[in-house]
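Given next are the chains, with one letter for each unit.
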Amino acid sequence: NAGVTQTPKFQVLKTGQSMTLQCAQDMNHNSMYWYRQDPGMGLRLIYYSASEGTTDKGEVPNGYNVSRLNKREFSLRLESAAPSQTSVYFCASSERAGGTEAFFGQGTRLTVV
Amino acid sequence: QKEVEQDPGPLSVPEGAIVSLNCTYSNSAFQYFMWYRQYSRKGPELLMYTYSSGNKEDGRFTAQVDKSSKYISLFIRDSQPSDSATYLCAMTITGANNLFFGTGTRLTVIP
C-alpha cells in the first residue's frame, strides 16, 4: 500500500521556469491538499480539493495552480518560479473534508535559484 | 498572533524519560486535535487523533486536550532513540477545509 506518492522528490529550478508537482493517492480518499513547509512557519495550505472536480484556494495560493485530474491525482503547477517558492511541498489526502486524519506524502524539495 | 503556538525546542532527553510536548491555541472552536511525527526529510505521519476534550492513549503515547485552557499535550513514556523527530500539533473545526499546524517541536532522545 503506497499511500500518497509525490514526484519528483527533489528539483532545482531557475527563476521564471515552470514545473508541475505530481501527487497520487491509492486510499480512495475524496479530499486532497497541497501544503508548503518553511522553517519557522509550519505547514501552510496552498490549495485543496474537497472532491473530484473541485479545487479551492488555501492560505498561500499566489503563484500556484492546481488540477484535480481524477479521484487519485492532484497536481500543483508553478507557472513562473520565484526564489520565494523555495520550500518543501507536501501533498496530503483524507477521507473527510478538513484534513482530519490526513496522510502525507514524502515531500518534494524545491529550490528556485 | 498565530492560531496555534508550539515551542520549537529543541528538546533533548535521555532514553527512558517521559516527554511532554505542548501546544496552545486561540480559536475556541477547534474540535479536532492531531499529533504528527515527522522524521528528518520525511513527510508528517499521523500519530494521534482526538475529538474534543479528554485523553487518548496508544501504547507509549498519550494525547490530552484541555479545551478550557486551550492547551493540548502529547506525552511519550519510556522514550526511545527512535522517537527522535519533530512533533507537529494540528487542529481544525467542523466544516473547515484546512488543518492549522503548530511549527513543530524537535525532540532528540539520547541513548
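Right, let's walk through the structure included here. This one's a predicted model, so the numbers in the text were calculated from it and none came from an experiment.

### Here's the deal with the overall build of chain B
Phase 1: Within chain B one finds zero helices and 11 strands.
Phase 2: Ordered by position from N to C terminus, the α and β elements of chain B give β-β-β-β-β-β-β-β-β-β-β.
Phase 3: Relative to its length of 111 residues, chain B is compact, with a C-alpha radius of gyration of 13 Å against a globular reference of 13 Å.
Phase 4: Dimensions of chain B along its principal axes, counting C-alpha atoms only, are 45 × 30 × 20 Å.
Phase 5: Here chain B holds 111 residues, and 43% of them are scored as buried.
Phase 6: Partitioning the contacts of chain B with sequence separation of at least 6, the portion at a separation of at least 24 is 54%.
Phase 7: Put simply, chain B shows about 5300 Å² of open surface, and 48% of that area lies on carbon and sulfur atoms.

### Considering the layout of surface pockets
Phase 1: One number sums up the size of the largest pocket: a volume of about 710 Å³.
Phase 2: Lining the largest pocket are 29 residues, and of these Gln37 and Arg109 of chain A together with Gln38, Arg41 and Thr86 of chain B lie nearest its centre.
Phase 3: Mapped by element, the contributors of at least two residues to the lining of the largest pocket are strand E4 (31-38), strand E9 (87-94) and strand E11 (108-112) of chain A together with strand E9 (85-92) and strand E11 (105-110) of chain B.
Phase 4: Residue contributions to the lining of the largest pocket peak at four residues, all from E11 of chain B.
Phase 5: Per-class residue counts for the lining of the largest pocket are nine nonpolar, 14 polar and six charged.
Phase 6: Here the second largest pocket defines a volume of roughly 270 Å³.
Phase 7: Considering the residues around the second largest pocket, the lining is formed by 13 residues, among which Met41, Arg44 and Glu59 of chain A together with Lys2 and Phe101 of chain B are closest to the centre.

### Section: the sheet that holds strand E7 (residues 61-66) of chain B
Residues and elements named next belong to chain B.
Phase 1: The five strands are arranged E1-E3-E8-E7-E6 in an open sheet whose pairing can be described as antiparallel. Pairing within the sheet leaves two strands with one partner each, and these edge strands are strand E1 (4-6) and strand E6 (54-58). With strand direction ignored, the average angle separating the axes of adjacent strands in the sheet is 15 degrees.
Phase 2: Pairing analysis gives five bridges linking E6 to E7, with the strands arranged antiparallel.

### Focus on unusual backbone geometry
Phase 1: Residues threonine 7 of chain A and proline 8 of chain A are joined by a peptide bond in cis, for which omega reads -5 degrees.
Phase 2: With respect to the helices and strands, the residue proline 8 of chain A is situated in the loop between strand E1 (4-7) and strand E2 (10-13).
Phase 3: For the bond from glycine 9 of chain B to proline 10 of chain B, the omega torsion is 5 degrees, close enough to zero to count as cis.
Phase 4: Note that proline 10 of chain B resides in the loop between E1 and strand E2 (11-14).
Phase 5: Its identity is not glycine, yet serine 52 of chain B carries a phi of approximately 60 degrees, on the positive side.
Phase 6: Counting through the fold element by element, serine 52 of chain B comes out in the loop between strand E5 (45-51) and E6.
Phase 7: For serine 52 of chain B, a relative accessible area of 24% corresponds to the partly exposed category.
Phase 8: With a phi close to 55 degrees, lysine 70 of chain B is a non-glycine residue in the positive phi region.
Phase 9: Relative to the assigned elements, lysine 70 of chain B resides in the loop between E7 and strand E8 (71-76).

### Remarks on the side chain of serine 49 of chain A
Residue and element names in this part refer to chain A.
Phase 1: Relative to the elements of secondary structure, serine 49 occurs in strand E5 (residues 42-49).
Phase 2: Here serine 51 takes part through its backbone oxygen, which lies 3.0 Å from a polar atom of the side chain of serine 49.
Phase 3: If sequence neighbours within four positions are ignored, serine 49 has contacts with Asn30, Ser31, Met32, Thr54, Thr55, Arg68 and Phe74.

### Here's the deal with the interface of chain B and chain A
Phase 1: Taken together, the contact between chain B and chain A spans 20 residues of the former and 22 residues of the latter.
Phase 2: With both chains or domains summed, chain B and chain A bury close to 1700 Å², and 55% of this area falls on carbon and sulfur atoms.
Phase 3: In terms of surface lost to chain A, no three residues of chain B exceed Arg41, Asn97 and Phe101 of chain B, which account for 30% of the buried area on that side.
Phase 4: The interface formed by chain B and chain A includes zero salt bridges.
Phase 5: Here chain B and chain A share three residue pairs in polar contact (both at pLDDT 80 or more) between them.

### Observations regarding the sheet that holds strand E8 (residues 74-78) of chain A
Residue and element names in this part refer to chain A.
Phase 1: Pairing within the open sheet is antiparallel, and its four strands lie in the order E1-E3-E8-E7. The open sheet has two edge strands, E1 and strand E7 (64-68), and neither has a second partner. Strand-to-strand twist across the sheet, computed as the mean angle between neighbouring axes with direction ignored, equals 20 degrees.
Phase 2: As paired elements, E1 and strand E3 (residues 19-25) share four bridges and run antiparallel to each other. Following the sheet pairing, threonine 5 is matched in E3 by alanine 24.

What counts, and where the lines are drawn
- Residues numbered from 1 in each chain as written.
- Chains lettered and ligands numbered in written order.
- Predicted model: local features only at pLDDT ≥ 70, side-chain atom pairs only at ≥ 80, totals over all residues.
- Heavy atoms only, no water.
- Helix = DSSP H or I, 4+ residues; strand = E, 2+ residues; numbered from the N terminus.
- Rg over C-alpha atoms; globule rule 2.2 N^0.38 Å.
- Buried < 20%, exposed > 50% of the residue type's maximum accessible area, 1.4 Å probe, protein only.
- Contact = heavy atoms within 4.5 Å.
- Areas by Shrake-Rupley, 256 points an atom, 1.4 Å probe, with all protein chains shown as cover.
- 1 Å grid on protein atoms, 1.4 Å probe; cavity = no way out; pocket = protein on both sides within 12 Å on 5 of 7 lines; lining within 4 Å.
- Points joined across faces, edges and corners; volume = space filled by probe spheres on them.
- Nonpolar A, V, L, I, M, F, W, Y, C, P; charged D, E, K, R; others polar.
- Pairing = 2+ DSSP bridges.
- Axes fitted to C-alpha atoms, helices over the stretch in contact; angles between N-to-C directions.
- Polar contact = N/O pair within 3.5 Å; in protein donor to acceptor, adjacent residues only side chain to side chain.
- Buried area = accessible area lost by both parts, 1.4 Å probe.
- Salt bridge = Lys/Arg side-chain N within 4 Å of Asp/Glu carboxyl O.

These figures come from the coordinates and say nothing about function on their own.
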